[in-house]
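Take a look at the letters that make up each chain.
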Amino acid sequence: MTTRLTVAQALVRFLAAQYTERDGVRQRLISATWGIFGHGNVAGLGQALVEYGDDMPFHQGRNEQSMVHAAVGYARQSNRLSTHAVTTSIGPGATNLVTGAALATINHLPVLLLPGDIFATRVADPVLQQLEVPYAGDISVNDSLRPVSKYFDRVTRPEALIPAALQAMRVLTDPVETGAVTLALPQDVQAEAYDWPDEFFAERTWTVRRPGADPTELAEAVGAIRAAQRPLVIAGGGVHHSRAEEALAEFAAATGIPVASTQAGKGSLRHDHPQDVGAVGHTGTATANELARQADLVIGVGTRYTDFTTASGTLFEQQGVRFLNLNIAPYDGHKLAGQPLVADARSGLTELTEALQLHTHRVSGTYIDEYSLDKERWEQRVDACFEAEEPDIRPTQAQVLGALDALADESDVIVNAAGSLPGDLHKLWRARSRDQYHLEYGYSCMGYEIPAAIGVKMAAPERNVWALVGDGTYLMMPTEIVTAVQEGIAIKLLLIQNHGYASIGGLSETVGGERFGTAYRYQSDDGTYTGAPLPVDLAANAASLGMRVLRAKTVRDLRAALAEARAADTPTCVYVETETADTVSGPPPAQAWWDVPVAETATRPSAVKARELYERHVSTRRRHL
């Protein structure tokens, strides 16, 4: 039996019938589609979404990049078991997807991209917005999505949709390979009819597997842990993707091994778990980083070991330190010349715990006492950063976070990606639930926060979802505020005004750049941006987009505004201007180095001094072989 439909109609019907299953839980794989329509998709996918609107919910976006961010936020909150599709026209609509696609792929988060494309038949050539390539007739701007997609196909004939769609679903549900998946759809093919086999539209359930460890690798891992005197677990994002938090807590409690976390892994243990020692790496805590420097075995669980985690190869100082890498991806399992334990994080941790309990293995009480005391000292430093002895003055950024920390409970989710906030949050935030800390730091993409918060709220409408945004990030992409207002998605926006790129300004100062081009100020006579702050009213801008705005001038105002926003059932913004100078209540400085190369030759004293310091740090770098 066959059914005659256009390619676009067939694709929508196919997507509506795809499901995932893990641990006995079944759900829609593609639960909705985002779109902005133009001539490249309005008559194809646009018409199909009207035709089959009962099967495929639709959300109207304002920017193609931010639509991908919303889909990614939804996918992460859904444990990668459900995501959204994103459709665009050809030309700039399609190329606007590239940044979002890179973010999704780098963070191993599934999203389906459906950009329109030029005519497959080439009867209209060149069409509006077409890139002409003299040496190749089969290239379009959509080819820019190839390097940032985990799977890419261009559907140039109707029947080619069948294998392309099935491969797309395979990659989206693969816990190793998942990321952005692109099906480029020529606008003439979208509207072309074909007799489709009815089996194509049958419900399919894609099992998201949990592979266990190879027995030999497991035995070697147990041996390595038993031989270690100062082991340290580094929990990465794979712990969350696998829902391995309970398994990690059981492993840590049984063995006494302390657990540090990357940006993606923070919250793998609650902040008050005895074995949680906080953030590790350049934005880490003094407690975790000192443990890392003295560790003789580093047990990476679901981590990619980015340069922030390893302090650009300078953090793990102990002579003879070895790495045991529990990871579902063999590529990551072999990093740092590590001993791989290729398995799903939950499965692998459970197997390790059971095997170690047979030997009643536990680290020494002296080691536990040492890191427990250091953890207590760090918590005292956090308290000092959060404390505001004078509630009627302008808050520091750390005090802003402290006010929110005092208000939040397990139901709150904080979303952030870029600027100075990730460093402060990684060091200071006290994660109360496995999914409270939603930091996108694989790509650290400015503009992610607001649309991602919308996606998170869609996936978890019962939660309080906060987008934490600085002025630089806000100006990049505030447009989806309109979407939140339009659809009544009650996200909370905490908008912090510090008049510039604070994070890069600080970095610029340390590498001899003298904060050049990082402040939002008028130009001075010498051409530098050192004049008065710009009279930009971001709160008024948010209000003009339809959001309710609460202004806070002092710490006292801030506490009241945050409480009011948290109770609101409409999209609400809390706007606060912070102190820009470092104060006693500011965050602790970096506890580990990060490699940003400094000019090798310069005449300005700041750059010369920065280079001297850089060379001292570089001399401590090592390759783990």
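Use the structure listed above.
Residues numbered from 1 in each chain as written. Predicted model: local features only at pLDDT ≥ 70, side-chain atom pairs only at ≥ 80, totals over all residues. Heavy atoms only, no water.

Caption draft 1: Structural context of the overall build of the protein chain. For the protein chain, the helix and strand inventory stands at 24 helices and 23 strands. The C-alpha radius of gyration of the protein chain comes to 25 Å, within 12% of the 25 Å expected for a compact globule of 625 residues. Principal-axis analysis of the C-alpha atoms gives the protein chain an extent of 70 × 70 × 55 Å. Relative to its 625 residues, the protein chain shows a buried fraction of 57%. For the protein chain, restricting intrachain contacts to residue pairs at least 6 apart in sequence, the fraction spanning at least 24 positions comes to 76%. When the accessible surface of the protein chain is split by element, carbon and sulfur atoms take 52% of a total near 24900 Å². Side chains of the protein chain give 54 positive and 74 negative charges; the mean places of these two sets differ by 2 Å. (Helix = DSSP H or I, 4+ residues; strand = E, 2+ residues; numbered from the N terminus. Rg over C-alpha atoms; globule rule 2.2 N^0.38 Å. Buried < 20%, exposed > 50% of the residue type's maximum accessible area, 1.4 Å probe, protein only. Contact = heavy atoms within 4.5 Å. Areas by Shrake-Rupley, 256 points an atom, 1.4 Å probe, with all protein chains shown as cover. Lys, Arg positive; Asp, Glu negative; His and termini not counted. Charge placed at Lys NZ, Arg CZ, Asp CG, Glu CD.)

Caption draft 2: Representation of the sheet that holds strand β13 (residues 259–261) in the model. Taken in spatial order, the 6 strands of this open sheet run β14-β13-β12-β15-β16-β17, and their pairing is parallel. The open sheet terminates on both sides in strands that have one partner only, identified here as β14 (276–279) and β17 (339–342). Across the sheet, the mean angle from the axis of one strand to that of its neighbour is 20 degrees, orientation sign disregarded. Where strand β15 (residues 297–301) and strand β16 (residues 322–327) come together, 5 bridges link them in parallel fashion. Within β16, the position partnered with Leu 297 by the bridge is Arg 322. Across the face of the sheet, helix α10 (residues 245–255) comes into contact with β12 (231–235), β13 and β15 while running at roughly 170 degrees to β12. Running over the sheet, helix α11 (residues 286–294) touches β12, β13 and β14 and is turned about 100 degrees from β14. (Pairing = 2+ DSSP bridges. Axes fitted to C-alpha atoms, helices over the stretch in contact; angles between N-to-C directions.)

Caption draft 3: Structural context of the pattern of salt bridges. Applying the stated criterion across every chain, the model contains 36 salt bridges. The partner of Arg 432 in a salt bridge is Asp 405, and the shortest N-O contact between them spans 3.2 Å. In this pair, Arg 432 sits in the loop between α17 (421–428) and β19 (437–439) while Asp 405 sits in helix α16 (residues 397–407), placing the two residues 27 residues apart along the sequence. On the accessibility criterion, Arg 432 (13% relative accessible area) is buried. Of the charged contacts in the structure, one is a salt bridge between Glu 615 and Arg 611, with a shortest N-O distance of 3.1 Å. With Glu 615 and Arg 611 both in helix α24 (residues 605–618) and 4 residues apart, this pair spans about one turn of that helix. Taking the relative accessible area as the measure of exposure, Glu 615 reaches 43% and is therefore partly exposed. In this structure Arg 611 comes out as buried when scored by relative accessible area, which is 16%. (Salt bridge = Lys/Arg side-chain N within 4 Å of Asp/Glu carboxyl O.)

Caption draft 4: A look at the pairing of β12. Counting buried residues in β12 gives 5 out of 5 residues, a clear majority hidden from the surface. The two faces of β12 match: Pro 231, Val 233 and Ala 235 on one face and Leu 232 and Ile 234 on the other face are all buried. In this sheet, β15 lies alongside β12 in parallel orientation, the contact comprising 5 bridges. Among the inter-strand pairings, Val 233 is bridged to a residue of β15, identified as Ile 299. Across 3 bridges, β12 lies against β13 in parallel orientation. If you follow Val 233 over to β13, its bridge partner there is Val 259.

Caption draft 5: Geometry of the packing of helix α1 (residues 7–15) against helix α2 (residues 42–51). At their nearest, the axes of α1 and α2 sit 8 Å apart, and the two run at 50 degrees to each other. Judged by the inter-axis angle, α1 sits oblique to α2. Every pair of crossing elements has a handedness; the one defined by α1 and α2 is right-handed. Residues Ala 8, Gln 9, Leu 11 and Val 12 of α1 form the contact with α2, whose own contacting residues are Gly 44, Leu 45, Gln 47, Ala 48, Leu 49 and Glu 51. (Parallel < 35°, antiparallel > 145°, perpendicular 65-115°, else oblique. Left-handed = near helix turned anticlockwise from the far one by under 90°.)

Caption draft 6: Empty space enclosed by the protein, seen in detail. Taken as a whole, this structure holds 4 cavities of 30 Å³ or more when the rule is applied. In this structure, the largest cavity encloses a volume near 170 Å³. Lining the largest cavity are 20 residues; nearest its centre among them are Lys 266, Asp 276, Gly 278, Glu 379 and Trp 429. Those elements giving two or more residues to the lining of the largest cavity turn out to be β14, α15 (365–386) and α17. (1 Å grid on protein atoms, 1.4 Å probe; cavity = no way out; pocket = protein on both sides within 12 Å on 5 of 7 lines; lining within 4 Å. Points joined across faces, edges and corners; volume = space filled by probe spheres on them.)

Caption draft 7: Fine view of α24. Taking 1.5 Å of rise per residue, the 14 residues of α24 would be expected to cover 20 Å, and the 20 Å separating its terminal C-alpha atoms lies within 8% of that figure. Taken together, the buried positions of α24 are Ala 607, Ala 610, Arg 611 and Tyr 614. What you see down the axis of α24 is that its buried residues fit within an arc of 105 degrees, all on one side. Turned more than 90 degrees off the buried face of α24, the exposed positions are Pro 605, Lys 609 and Arg 616. (Expected span 1.5 Å × (residues − 1). Arc of directions from axis to C-beta.)

Caption draft 8: Representation of the sheet that holds strand β5 (residues 58–60) within the structure. The strand order β5-β4-β6-β7-β9-β8 describes an open sheet built from 6 strands, whose pairing is parallel. On the outer flanks of this sheet lie β5 and β8 (151–154), each paired with one strand and no other. Neighbour-to-neighbour, the strand axes of the sheet open up by a mean angle of 20 degrees, direction not taken into account.

Caption draft 9: Structural detail: the packing of helix α3 (residues 64–77) against helix α5 (residues 97–106). Between α3 and α5, the shortest axis-to-axis distance is 7 Å and the interhelical angle comes to 25 degrees. Taken together, the axes of α3 and α5 lie roughly parallel to each other. The chirality of how α3 crosses α5 is right-handed. Between α3, through Glu 64, Gln 65, Val 68, His 69 and Val 72, and α5, the contact on the second element is made entirely by Leu 97, Thr 99, Gly 100, Ala 101, Leu 103 and Ala 104. When the residues that make up the contact of α3 with α5 are grouped by side-chain class, the tally is 6 nonpolar, 4 polar and 1 charged. (Nonpolar A, V, L, I, M, F, W, Y, C, P; charged D, E, K, R; others polar.)

Caption draft 10: Geometry of the nonpolar core. By size, the foremost hydrophobic cluster in this structure holds 51 residues, and its most contacted members are Ile 225, Phe 251 and Ile 299. The residues touching Phe 251, leaving out its near neighbours within four places in the chain, are Ile 225, Val 233, Ile 257, Ile 299, Leu 349, Leu 352, Thr 353 and Leu 356. Counting residues in each nonpolar core, the second largest holds 46 residues, with Met 67, Ala 71, Ala 102 and Val 111 among its members. (Core = buried A, V, L, I, M, F, W, Y, C linked by side-chain atoms within 4.5 Å.)

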